[in-house]
Amino acid sequence: MAKAVLVILKVLVILICTGWIALWLLKPTDLWTRKWKGAEESAKTTVFGYYGLNFAVYTFPLIAVAIIGLVYLDLKVKEPRSRQAKVSPGVIYNPLVVNGFIGVLSAIEILAVFLFVLFLAWTFYARISNDFKKLMPVKSLNLNRWQLKYLRVATRCGLLSEVCLAFLLLPILRGLAIFRLFGIQFEASVRYHIWFGTAMLTFATFHGVSTLFIWGVSHHIQDEIWKWQDTGRIYLAGEIALVTGLILRILQSRPETCILSARIFPSKAIELILPKDPSLKFSPTSVIFMKVPSISKFQWHSFSITSSSSVDDNTMSVIVKCEGRWTSSLYDLIQAELDSKVDTTKRIPIAIEGPYGPDSMNFLRYDSLLLVAGGIGITPFLSIMQEIASAQNSSKYRFPTRMQLIFVVKKPHDICVLNTISSLLQNQSMERLHLKLKVFVTQEVQDGRTLRELLTDSSQVQTVHFSTECSNYATYGLESSLFIAALAGFASIAFLFFLICLNHIFVPSQKKASKPSKDKTPSWVADLLLLSSFIMALICSALVAIILRWRRLKSESPRVSQKDGKATDIETSSALEEHEIHFGGRPDFQDIFANFPNETAGSDIGVLVCGPESMKESVASVCKQNSQGVQMGDKKKKPHFNFHSLNFTL
């Protein structure tokens, strides 16, 4: 039954998206213009009004997709994991273009970019061709025909800039349902935001410069600028985005908790042990956003979770590479507590938002896994390895039994971060899982120490426990998808309600007038109505969310206890001798990929890489060559490498 509901919801999302896209494709045509004007005239005399019609047609489908997507994700999470079959990403998700300028692009990303460019081209062509057919001279400007055409082109480029602006903020909305449906994580979608922003600025710059140029050659630039300010529409996207960010920050804010303990590594990296609610579960590669008020009351920084909720119910950990200003301040704060000679250390209050992560672990369900990490890019792999190790004795999971970790560092002391998974490297209590580690130290030659000595030298790691005598709460995570869906629906209904009320109060009714007025409502009135409705709806939603969250915190959230901050020590084992360490060079990925199938079992291999862009491109190039070879040769004899690029956060 649940599976049928999931299929119905997914089909419904696809149908709404298809209809919404078709609407935007039809919008530039004359047929749509005639039909839309008739609908506008009819809507003016109804309770919805003109602006309610715009909201229902252009905005509501997107909100409906978000709500349905959240319901889908909530039901999918509740589905037993044993029923979640292994899903191979296939060729469309493997690297197709590997370029130093644009990065690594898969076939599905190239298709999406092509379709969006095609949409922009169609919109521009439909508009500009109609403009050229009805080209009329501007009374206030003395322009010839080519200048008029150029002015129309500049105007339509402004329209393309607005289209890009409409999509600009979508990729950076954390937890957006439509992206989670396709398995796109927040950190990976940031580059789509950059693409939209670059396109928007390009079109907007051409629009502004070209318009000013035409006004300049007609010697009316000063008059036109003032007229434009009086009669043109000033779009409030920036102001709306600012208000949205402020109110959503209130919604997403968390009660303060505190750091239980910290471990300082010689590579100027620190591991923070944080309290969490036992009911909080998260997937590997999840990230949290953290604020330390004693450093900055406004700065939030994202960090990859290095622990597994399947292993530890009461704590979670992150590793921070302290190189920037904020992270260096955090390092100095913890180091000062370590250096202090007082018996009791003070507590360090923090605020946590998240975790955000994938809704399924299908990207881990392969015969074997090849993990490639560079520097602090090891952090998401620490949680992956702990999750897989904890699931080996469970029949509900289908995870690989053989893994190989390629860890590339600059200095030998950078290896110390692996001490958090020392028990896995020693193969303790893991009969069904085999993990092999290959470390490459690039900037130093052999100094006589073995990998075992580097990993087991616990004297290099310092531990400090902090006071937790506070009445704060442990981290309990985000609200459920159903709660967010209900809140989004409530906010949409409230927005429409306020918009209808304000529209009937401030916009003259054509129904009551004896003679319809030909004067249109000024655009600034429409802007104020939209913004006012938006603010009031968000305030109401924020109040509802805060009240419900306060009641939940009061009844459910546990207090922080000192015992949760216990750090584990590592032991020595002869099993460490199986692992390898290489000095003075980078790994040869061609050789590694050629030998890996012989060292492991299975033909379906997952390749996960996290590190510098140059490393990602090198690994992607090898996967691309292998994928092309499989397509041309015999798939049964050649292993298939499935490429996944992870984004670490500091």
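Source: prediction; values computed, not measured. Residue positions within a chain follow its written sequence, with the count starting from 1. For a predicted model such as this one, the threshold for reporting local features is a pLDDT of at least 70, and the threshold for listing and counting side-chain atom pairs is 80 or more; totals across whole chains, interfaces and linings nevertheless cover every residue. Calculation of side-chain values draws on the structure's entire complement of heavy atoms; hydrogens and water are dropped beforehand.

A. Expanded view of the sheet that holds strand 3 (residues 257-258). DSSP-based pairing: two strands are paired if at least 2 bridges between them are found. Helix numbers and strand numbers start at the N terminus; a helix is a DSSP run of H or I with at least 4 residues, a strand a run of E with at least 2. A sheet is described by the order of its strands in space; here four strands give the open sequence 3-9-6-7, paired in antiparallel fashion. Only two strands of the sheet have a single neighbouring strand rather than two, namely strand 3 and strand 7 (301-304). As judged from the two bridges shared by strand 3 and strand 9 (residues 349-356), these two strands associate in the antiparallel manner. Bridging from a neighbouring strand, Cys258 pairs with Pro349 of strand 9.

B. Local environment of the pairing of strand 7. Where burial is concerned, the two faces of strand 7 agree: the one with His301 and Phe303 and the one with Ser302 and Ser304 are both buried. By the bridge criterion, four bridges tie strand 6 (residues 287-291) to strand 7 in an arrangement that is antiparallel. Bridging across to strand 7, Met290 finds its partner in His301. Partly exposed describes any residue whose relative accessible area lies between the buried limit of under 20% and the exposed limit of over 50%, with all areas from a 1.4 Å probe on protein chains only and scaled to the type maximum.

C. Fine view of helix 4 (residues 107-133). Here the expected span of a helix is defined as 1.5 Å times the quantity of residues minus one. For helix 4, built from 27 residues, the straight-helix expectation of 39 Å at 1.5 Å per residue is met to within 8% by its first-to-last C-alpha distance of 39 Å. Residues of helix 4 that are buried include every one of Glu109, Phe116, Phe119, Leu120, Thr123, Ala126, Ile128, Asn130 and Asp131, and no others.

D. Representation of the UniProt feature "transmembrane region" (unreviewed entry) in the chain within the structure. Here the UniProt-annotated "transmembrane region" (unreviewed entry) positions come out as residues 7-26, 55-75, 96-125, 159-182, 194-214, 369-389, 482-507 and 528-550. Secondary structure content for residues 194-214 is 100% helix and 0% strand, and the end C-alpha separation is 30 Å. Secondary structure across residues 369-389 divides into 52% helix and 29% strand, with the first and last C-alpha atoms of the span separated by 13 Å. UniProt positions are given in the numbering used here, feature names are shortened, and annotations may be inferred rather than shown by experiment.

E. Layout of the environment of Gly611. With respect to the helices and strands, Gly611 occurs in the loop between strand 15 (604-610) and helix 17 (613-632). Residue class for Gly611 comes out buried when judged on its relative accessible area of 3%. Residues Gly611 and Ile376 lie 235 residues apart in sequence; the distance between their C-alpha atoms is 7.3 Å.

F. Region of the structure containing the packing of helix 4 against helix 5 (residues 145-168). Here the axes come from fitting lines to C-alpha atoms, over the contacting stretch only for helices, and the angles between their N-to-C directions go from 0 to 180 degrees. Running from N to C, helix 4 and helix 5 point in directions that differ by 145 degrees, and their axes come no closer than 10 Å. Here helix 4 runs over helix 5; the crossing is right-handed. Contact with helix 4, carried on its side by Phe116, Phe119, Leu120, Thr123, Phe124, Arg127, Ile128, Asp131 and Phe132, involves Arg145, Lys149, Arg152, Val153, Arg156, Cys157, Leu159, Leu160, Val163, Cys164 and Phe167 of helix 5 and no other residues of that element. Classification used: nonpolar for Ala, Val, Leu, Ile, Met, Phe, Trp, Tyr, Cys and Pro, charged for Asp, Glu, Lys and Arg, polar for all others including Gly. Across the contact of helix 4 with helix 5, the residue classes break down as 13 nonpolar, one polar and six charged. By the definition used in this description, the sense in which the near helix is turned from the far one sets the handedness, with an anticlockwise turn below a right angle giving left-handed and a clockwise turn giving right-handed. Any two residues whose heavy atoms approach within 4.5 Å at even a single point are treated as in contact.

G. Here's a closer look at the pattern of salt bridges. A pairing counts as a salt bridge when a side-chain nitrogen of Lys or Arg comes within 4 Å of a carboxyl oxygen of Asp or Glu. For the coordinates displayed, the defined rule picks out eight salt bridges. With its nearest N and O atoms 2.6 Å apart, the salt bridge here joins Glu109 to Arg191. Taken together, the residues span a long stretch of sequence, with Glu109 in helix 4 and Arg191 in helix 7 (residues 186-217) at a distance of 82 residues. You can call Glu109 buried: its relative accessible area is 13%. Residue Arg191 is classed as partly exposed on the basis of its relative accessible area, which comes to 25%. With its nearest N and O atoms 3.1 Å apart, the salt bridge here joins Lys436 to Glu580. Of the two residues, Lys436 is situated in strand 12 (residues 434-441) and Glu580 in strand 14 (residues 580-583); the sequence distance between them amounts to 144 residues. By relative accessible area, which is 25% here, Glu580 ends up partly exposed.

H. View of the sheet that holds strand 15. The strand order 14-12-11-10-15-16 describes an open sheet built from six strands, whose pairing is parallel. Each having just a single partner strand, strand 14 and strand 16 (640-645) make up the two edges of the open sheet. For this sheet, the mean angle separating the axes of adjacent strands, direction not counted, is 15 degrees. Summarising the sheet, strand 12 and strand 14 pair through four bridges and their orientation is parallel. Across the sheet, Val441 pairs through a bridge with Phe583, a residue of strand 14.

I. Region of the structure containing unusual backbone geometry. Of note, the phi angle at Lys268 is positive, near 60 degrees, even though the residue is not glycine. The topology assignment puts Lys268 in the loop between strand 4 (261-265) and strand 5 (269-275). Positioned with a positive phi, Thr285 is a non-glycine residue whose angle comes to about 75 degrees. Structurally, Thr285 is set in the loop between strand 5 and strand 6.

J. Region of interest: the side chain of Gln147. You can see Gln147 is positioned in helix 5. Setting aside residues no more than four positions away along its own chain, Gln147 makes contact with Asn142, Ile214 and Val217.

K. Representation of a nonpolar patch on the surface. Taken together, the side chains of Ile108, Leu111, Phe114, Leu115 and Leu118 present a nonpolar region at the surface, about 460 Å² in accessible area. Its place among the elements puts Leu115 in helix 4. Take Leu115: its relative accessible area is 47%, and that puts it in the partly exposed class. For patch detection, residues must exceed 30% relative accessible area and be free of salt bridges, and they are connected within 9 Å for like charges or within 5 Å for nonpolar side chains (Val, Leu, Ile, Met, Phe, Trp, Tyr). Here the Shrake-Rupley method, with its probe set to 1.4 Å, supplies the accessible areas, and only the displayed protein chains count as covering residues.

L. Focus on the packing of aromatic side chains. To pair, rings of Phe, Tyr and Trp, with the six-membered ring standing in for Trp, must have centres within 6.5 Å; the planes then decide the type, stacked if under 30 degrees apart, edge-to-face if over 60, and tilted in the middle. Tallied over the entire structure, the rule returns 11 aromatic pairs. Geometrically, the ring pair formed by Phe497 and Phe498 is edge-to-face, given 5.6 Å between the ring centres and 65 degrees between the ring planes. Judged by its relative accessible area of 18%, Phe498 falls in the buried class. Within the aromatic cluster, the residues linked to one another by ring pairs are Trp20, Phe116, Phe119, Phe167 and Phe196. Note on geometry: a ring has a charge over it if NZ (lysine) or CZ (arginine) is within 6 Å of the ring centre and within 35 degrees of the ring normal. Here the guanidinium or amino end of Lys149 rests over the ring plane of Phe132, the centre of that ring lying 5.3 Å away. Lying across the ring of Tyr331, Lys268 places its NZ or CZ 5.5 Å from the centre.

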